[in-house]
Each structure stands twice: as C-alpha cells, then as structure tokens.
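A look at the structure
Here is how the chains run, residue by residue.
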Amino acid sequence: MVQKITTQTLRQKLEILADAAKYDASCASSGTVKKNSLGGKGIGSTEGMGICHAYAPDGRCISLLKILLTNHCIFDCHYCINRKSSNVRRARFSPQEVAELTLNFYRRNYIEGLFLSSGIIKSSNHTMEQLVECARILREEHDFRGYIHLKTIPEADPELIHQAGFHADRVSINVELPTTSGLIRLAPDKDERQIEGAMGKTKARIIQAQDERKRFRHAPRFAPAGQSTQMIVGADNASDADIVGKASSLYNAFGLRRVYYSAFSPIPDASAVLPLKRPPLMREHRLYQSDWLMRFYGYAPREVQQATEKDGNLPLDIDPKLAWALKFREQFPVDVNRASKEQLLRVPGLGTTAVARIVKARRHRTLRLDDVAKLTQSIAKVRPFMVALDWRPTMLTDRADLRALLAPKQEQLELF
Amino acid sequence: MTAMQKVSLGAHYVVHLQAPDDFAFWRERARGLIQCDVPPDRLSWVEPGGMGDLFATEGPFRGERRLPVPDDDARPVRASKRFMKLARNAALHSDPQRFGLLYRMLWRLQSNPRAMEDKADPDVRRIEELDKAVRRDSHKMHAFVRFREVRVEDGSRHYVAWFEPDHHIVRANAGFFIRRFANMNWSILTPRGCLHWDGVTMRESGPARREDAPQGDPIEELWKSYYASIFNPARLKVGAMLAEMPKKYWKNMPEAELIPDLIAGAQAREVGMVAAGAREERERPASLAAIAEAIIGCRDCPIAECDTRAVMGEGPADATLMIVGEQPGDREDREGRPFVGPSGQLLDECLAQAGIDRSAAYVTNAVKHFKFAQRGKRRLHQSPSAKEIDTCRWWLESERTLVKPRLVLALGASAARGLLGKTVSISQARGKPIALEDGAELWVTVHPSYLLRLEGTAHEEQGARFAADLAAVKARVAELEG
C-alpha cells in the first residue's frame, strides 16, 4: 500500500485529491483585507472582491486550488467519499508539494489561492499540524500574499486552530447536517457539541483579534475573511424550514460570513443508507435565495419559514420571495413612489440594486410604470405587486390563479 | 468679452484625442469647452484612427479647428465624485460615441448638479451601461489572463500572456497585475497594446499578435487535470458556465479545450457514479415475506456471489425483543434458519438460563448471506467487511421498520455496526441502553461464538458477563412490556 502511494505521480495525486474535494461548495475568495506583493519577496494580492478564474461545466466558479492534503481518513461518515469504509483510491500530498503546486498555479494566474482540507490521518492534531504547515510554508518561506482558506478540525488543539487563523484568510468547520439526528445517523464519529464549540472559539478569536487591531496597529490578524460553514442538503430528511432555522441560528451564534448549502450528490462507492439520485440542485438554489432574503432583504427566519409549503419545504417552481408575497397578499400592492425601502425590498422582482435606483430616481420624478421598467430586470414580475403614477393592478392581487400567471411556464414536451 | 463671444456662431468643433483611453486629455479639453459654453451638439470627439461621428467626416468640419480658450476668471466646471468615477471608467469603452455622451452629461450637470441621480434618464443609463461593460471586461481580464512560463537564457523566468479585451482597458489594469505579481517578470500582450513589468518598472509597447505569445507550458497539463477533476458531472449546468465564461474567451484558456468532452461525458459519468454506489433508490418491502423473497436475489455486495442461500430472520412479526447476530454460518446456510449451529445452541442455552423465551423474540442477522473461504471440503467463516455490513443494513432496517421491536440486542461488533452505522467497542458499549433514532433501545453484548473460542477461567468470566447482559435485557424487556 505504501509502495503504491510513493509511485503515484504528482498529476495522479492531484486528480485523486481534487476529485475528493469537489463536494465542498465554497470556492469564495472575497471579503478579506487588501494585501499586495509590493515591497515583499513573493507574489499575491487580494483586493476585496473575489475573482473566479474559470468556470467548470457544472456552473461553479473555480477561484481557488481546492484540494485535500490527503483522502485517507479514520472517520466513517456515510455521505463522504473519503470515509474509512470506502474503496476510493487514496493519495497524500506533502506540505511542500501543496505549496509548490499553489505557487505554480498562482504565477500563471489560474487561481486566487488555496482552499485546503483533509481527511483525518493518525489524529486530529497531527492532521491539523500538517494543514497549518502548508499555510506556513506559503506565507513564511514564499511570502505568499494570496488567499488561503483552511478547513479546521473541531477536535484539534485550540493552539493549532489559532495558528491556522493566523496564516489563513478564512477558516471553516462544516456542520455537515442540519439536524442532530442526521449527524448521529450519517456522521457517527462527529459530535455536534464539539463542532459548535470550535465555531464558538473561532468567533471569540476573530473578535479578540479585531479588538487588538484597534489598539495596536501591528497586532496579527486572525482569519480576516471570517469563518464559514457548509450543510449538506438532501442526504437526510430535514425540511427547508429546519435548514433555514439552523442556518439563521448559526449566523447569529457564530457570526458566520456564509452558510453554504451543498446538494447531496451521489458519490462513487456510496454508503447504503444514502439516497442515490440526482442532487436536488433546484432545492439548493431556493435555499440560497432564502439565505439572501435573510441577509440582504430584511426577512426574519420565521418569515422565510412562512413561505414554505405544508411539508416544510420551499416551493420549487417559484422563488421564496414570490411564495411569501402570494401568501401575504394583503401587504400588496406597494406604491413605488411612497413606500419605504423595506417595503420595496419585499416586492417580488425588485432586487437590492433596483430598490436603490427607485429610491434615488423618485426624488427627481414621480415614477410611471415605464420608468420602473427601465430600472428593473423584468417588469412583468413586479407589476402585479406595485402601484405607480399610471398603474394600479386592479384585482390582480386577489386573483386565485396569480401563482399560475407568475410561475415560469412548464415546457410541454414534444412527442418524439 | 464673455466666453460665448469667443465661440464663432454656428461653428462645429472637432477634438482629436491622442489615445483611445486618455481620460485626462478629455477632461482637460472638456473643462475648457464647457467654460466657453460650447454646446454638446456643436462638438465632435475623434479617436486616433477613428472616424468620430458623422459631422467630423463631412467636408467643412473635417480637421481640428482651433478650439476656443476660456478666460482665466471663467467659472469653474463642477461634477460630482460619482460622475468622475463613472466617467473615468466609461471612457475606456470601445463605443465611439462615449466621449460625446460624457460631454453632454457634464454639460447637463452644470445646470442640474444632481442629474446623475435620476436613474431613469437615458444618458445616465447609457453611461452606467458603459461603465458596467468596462468593469466586466476588466474583471474578466483579471480572471482569464493566462501566463505561460518562458525560460530566459540567463536562467530567470519570464511569464507571458496573450489576452483580447473588448475595450481599451489594458493600461488601466496594469496596476492590478503589478500589485499581484510585483516580484515576477511578466508581459501581457494584447491587440490594443502591451504591458511589460520587470519587477521595477512598467514599460508599454504597441499592439501585438497572437503568434508573438509563447505556445504551451508544462504546468498546463496539471491545471487541465485539476479542471477536469474538480468538475462534478452530477451537477451539469452549462448555461451558468456560459453566462460567466462566454465562448469568446475560450480560445486563450488552456482548460477550455476540455469542456466539450467533459459535457459530453458528464451523463455517463453521473450514471457511473450512481452505479458504483451499487444501489438504487427503492421502495422498502411491505412485509417480512417480501423481504425474505427479495434477499434471495440481492447482489448488492460480493458475499452474494459465494453461492449461498439468504437466511431470513424468524420470530413473531410484533416481537418486543429483536436479537441480531453477525451472519449465518455453515449450518444456518444449510438449514436456512438463523442461530441453529453451535453458536445458536449456546445462545439458546443462555437465553433459557436468563429466562428469555427465544420463540417470543425476532432473531435475525446483520448480514443475510454466509461469507466463507473454502478450505478443502470445509467452509471457513469470514468476517463481513464494514462495507458489506453497511450494504446489508438496508435489509436489517427494513425488518426493524416492520417488526418495530422496542429493544434490540446486538450480539457482537458486526451486529452493532449494522444497527448504529459505526463501529463501537463492545466493552465500552455493553451493559447500558443506546437510543436508536426510531426510539428503540439498543443493547450490545458479545457474540456467543466468542464464548465458544474461550477456555478455562476466561470462558467462565465472559460467560458470566454474557449471562448478566442477558439478565439485564430480560429485566428491561419485562419493564417495557409491563
């Protein structure tokens, strides 16, 4: 076995360890402090906005070199391709190899930086040490100033997690499953309290470091792009209402920058307890939309949950904002010339940009339907819920078939 | 003399720009012209090599007429910061009308300083469109420039890229690449001019051709492997990719040549991923008889290839107690019933001693087929692998769903894994209830075959602990039933 690993080429290892990392949804390189390589010895910069250097045919952005250090693992989580009882090919990078690969890709402008995760080998501490070592080589030996995202291991020594945050722009710990029972069933070696405890500690470190920066200009930064987490959707029977509730409690309790949702996708050599079907991509999309509603549109988690249907799931054919508006029709229509920004944000079809434009433009003129059409993507969606100088949606909000009018048309399949 | 008097009546002015992205020059000229009250419709802006607008090409207005010069005390020209920021970026657009548009907006801002806020105004919208297109083009340049390494004779490394922008953005984005690759020698070649950085100074040169850039780089093979591996075929969304990475960029990105094959192969790979997972989503059998029938044909794990029969559990379909062993042995396989071999006999004895009625319990195994290695005429027992137990767990769960036992007794580590999905240590787990997710209690103890292998005092000790475990189960079952 050991013999086999040493004869793998760098390319074979990259194939195995990138393949193993593709189930992680996050590839963001945004939200960190500005850095550049002027006056340094190495390369790299981050300018706030993330950059997607390529897109894969799955529509996902490739911003970072997203790999595992190794896919050997002593854990046996059912949803994970790298679990102990899986028959996948195994490989392992040395920290030197990871650093070289990152720099070689970065010099050619393929990537923004590194997203490193790992299976658990030997012990949690040993694995965490190796992850930190990769980041240390990049930062200290090569003066690399690009983006680094490290997955941290909840069971590892807090001192190691501290070092990880010192080198990395972002750290993350996956909560994996939205319900405790799901975690017990599908990730028997993981412990919810330990995961949340580690997230709590990370939050405290981030706040402490920010506080120190205020007093001492040269105090070291700790994970300036904050922490994030990921939840798998569709592997257990949690409803969207459960997931939204869990996400909002995570945002509140741990000050997370992002909660990522990953539609459970069939993995080769899957465990028998999992559904093997196409990943519920539309469900994932609706959850992201509801996430946006909470973060940018002023919806309370309870309100998003109100938009769900009887089974606790968000409708798949229409977006959650429209679903909410259809349930609470008494709040509409909204007058675009008078309504507050908060009310405008609730109008289906009006995004944050459109609302900002309306609020500015109405200082200069009383808006007509045509004006609103120029400020928005599609007036057809907005029209039934708004009032303008020359527009009033008579009866529209009372129509029983409003949903059918607004939902995207189902395509009739041709006979073959 | 007022400014207006300097402007010849009915004159049309033409301004020749020195470079298509020279915002500072435009700003200088525009300031002077506004101070001289030259209205937008009497003015044309011509780029080098460009035709300007229609007026500029027609007879009497061709060529640059001497532009009016404002007085020293002319009133200053004002514009909001927001306009300046937008204009600076929009001026990089390749639309030949852009400078005229910006001048018209600047003209309007003098009488209505807040004109930029009216987002429904056509000029404001057009400027915002230009700005957006230029920002997008710059962003794509940051993203899609691909350097190739060239070894220079002195041993140093030079990185050269070829990029084709839509707008005049090259010079404006030099700063980004300098900040990012400050300590690298690099050149970006484009049809609109080139940038060269040697680690200290920035040099510009004229337009280049695609052939001037180097072809190939050994690291590209690694990058392509990465691109192909990080793509999840089960999530194919070609539209989303094309929206962000339109085909016009593909020819200069090494990884893009893989895309057609990745898309074409995606469905097959997804089917492969599901098939490799070995089982499809299926309905749970509705009765124990249906399970008994279905497991005969089950080929989900390699044990079934051993040509043995499937051994179904037996006992009352509403039993309170379910006893789970590891897998059928040689005797069980021949007779088709669980726990009838040597271990079964020992189990029967111990149950009887503990006062548990075996016929009232549902007795089954974690794995339904006998796994063995042939040694001559003998079939030697082989422990099932974790994966085989996990695969067979689906049948055990189907049995549990139907029987709904309130207490499950797992004999040995394999049985415990079949119920919990993870491997537990018997010595730590025994003697106390573990809650299962359907509300039943799981009790774990050793498998009777373990006792058969022990001798002397060890046998007696372990026998006593086994008896104690069974006694505890007996008491708990009585409690649950009572």
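Every value quoted in this text rests on a predicted model; they were computed, and no experiment measured them. (Residues numbered from 1 in each chain as written. Chains lettered and ligands numbered in written order. Predicted model: local features only at pLDDT ≥ 70, side-chain atom pairs only at ≥ 80, totals over all residues. Heavy atoms only, no water.)

**Here's the deal with the overall build of chain B**
- Along the backbone of chain B there are 18 helices and 14 strands.
- Since a compact globule built from 482 residues should have a radius of gyration of about 23 Å, the 41 Å found for chain B marks it as more spread out than a globular shape.
- Principal-axis analysis of the C-alpha atoms gives chain B an extent of 125 × 60 × 40 Å.
- Looking at chain B residue by residue over its 482 residues, the buried ones come to 51%.
- Of the contacts made within chain B by residues no fewer than 6 positions apart, 71% connect residues no fewer than 24 positions apart.
- Looking at chain B as shown, the accessible area adds up to about 23000 Å², and 52% of this sits on carbon and sulfur atoms.
- Charge-centre separation for chain B: the mean point of 71 positive side chains lies 3 Å from the mean point of 68 negative side chains. (Helix = DSSP H or I, 4+ residues; strand = E, 2+ residues; numbered from the N terminus. Rg over C-alpha atoms; globule rule 2.2 N^0.38 Å. Buried < 20%, exposed > 50% of the residue type's maximum accessible area, 1.4 Å probe, protein only. Contact = heavy atoms within 4.5 Å. Areas by Shrake-Rupley, 256 points an atom, 1.4 Å probe, with all protein chains shown as cover. Lys, Arg positive; Asp, Glu negative; His and termini not counted. Charge placed at Lys NZ, Arg CZ, Asp CG, Glu CD.)

**Some remarks on helix α3 (residues 95-107) of chain A**
Residue and element names in this part refer to chain A.
- Given a rise of 1.5 Å per residue, 13 residues ought to cover 18 Å, and the 18 Å separating the end C-alpha atoms of α3 matches this to within 8%.
- α3 sits mainly inside the fold: ten of its 13 residues count as buried.
- The complete set of buried residues in α3 reads Pro95, Val98, Ala99, Leu101, Thr102, Leu103, Asn104, Phe105, Tyr106 and Arg107.
- Residue Asn109 follows α3 closely and has a positive phi angle near 65°. (Expected span 1.5 Å × (residues − 1).)

**Brief notes about the side chain of Thr391 of chain B**
- On the secondary structure map, Thr391 of chain B appears in helix α14 (residues 386-403).
- Of note is the side chain of Thr391 of chain B, whose polar atom sits 2.7 Å from the backbone oxygen of Lys387 of chain B. (Polar contact = N/O pair within 3.5 Å; in protein donor to acceptor, adjacent residues only side chain to side chain.)

**Regarding the interface of chain B and chain A**
- Chain B puts 77 residues into the contact, and the matching count from chain A is 77 residues.
- On the chain B side of the interface with chain A, the three residues burying the most area are Arg180, Tyr226 and Arg235 of chain B, jointly 12% of the side's total.
- At the junction of chain B with chain A, the criterion picks out eleven salt bridges.
- Arg357 of chain A serves as the salt-bridge partner of Glu128 of chain B, at 3.6 Å between the closest nitrogen and oxygen.
- Where chain B packs against chain A, one counts 34 residue pairs in polar contact (both at pLDDT 80 or more).
- Top element by residues in the side of chain B that touches chain A is helix α8 (residues 219-230) of chain B. It accounts for ten residues. (Buried area = accessible area lost by both parts, 1.4 Å probe. Salt bridge = Lys/Arg side-chain N within 4 Å of Asp/Glu carboxyl O.)

**Some remarks on the nonpolar core**
- Of all hydrophobic cores here, the largest spans 160 residues; its most connected members are Ile67 and Phe105 of chain A together with Trp186, Tyr226 and Met245 of chain B.
- In this structure, Ala366, Leu396, Leu409 and Val477 of chain B belong to the second largest nonpolar core, which totals 55 residues. (Core = buried A, V, L, I, M, F, W, Y, C linked by side-chain atoms within 4.5 Å.)

**A word on the packing of aromatic side chains**
Residues and elements named next belong to chain B.
- Applying the stated criterion across every chain yields a total of 26 aromatic pairs over all chains.
- A centroid spacing of 6.5 Å and a plane angle of 35° characterise the contact between Trp26 and Phe99, whose relative ring orientation is tilted. Of the two residues, Trp26 sits in helix α2 (residues 23-35) while Phe99 sits in helix α5 (residues 98-111), which places them 73 residues apart along the sequence.
- Trp26 gets classed as buried once you look at its relative accessible area, which sits at 1%.
- When its relative accessible area of 1% is taken as the criterion, Phe99 is described as buried. (Phe/Tyr/Trp six-rings, centres within 6.5 Å; stacked < 30°, edge-to-face > 60°.)

**Side note on the confidence of the model for chain B**
- Taken residue by residue, chain B gives an average pLDDT of 87. The fraction at 70 or more is 93%.
- Confidence drops under pLDDT 50 across residues 52-63 of chain B; counting only partners more than four residues distant or on other chains, this segment forms 19 contacts. (pLDDT = per-residue confidence, 0-100.)

**Concerning the sheet that holds strand β4 (residues 157-162) of chain B**
All names here are of chain B.
- One open sheet accounts for five strands, arranged β3-β4-β5-β6-β7; its pairing is mixed. If you trace the sheet from one side to the other, it starts and ends with β3 (147-151) and β7 (202-205), each paired once. Mean inter-strand twist for the sheet, computed between neighbouring axes without regard to direction, equals 20°.
- Bridge analysis of strand β6 (residues 194-197) against β7 gives four bridges, and the strand direction is antiparallel. The partner of Leu195 across the bridge, within β7, is Glu204. (Pairing = 2+ DSSP bridges. Axes fitted to C-alpha atoms, helices over the stretch in contact; angles between N-to-C directions.)

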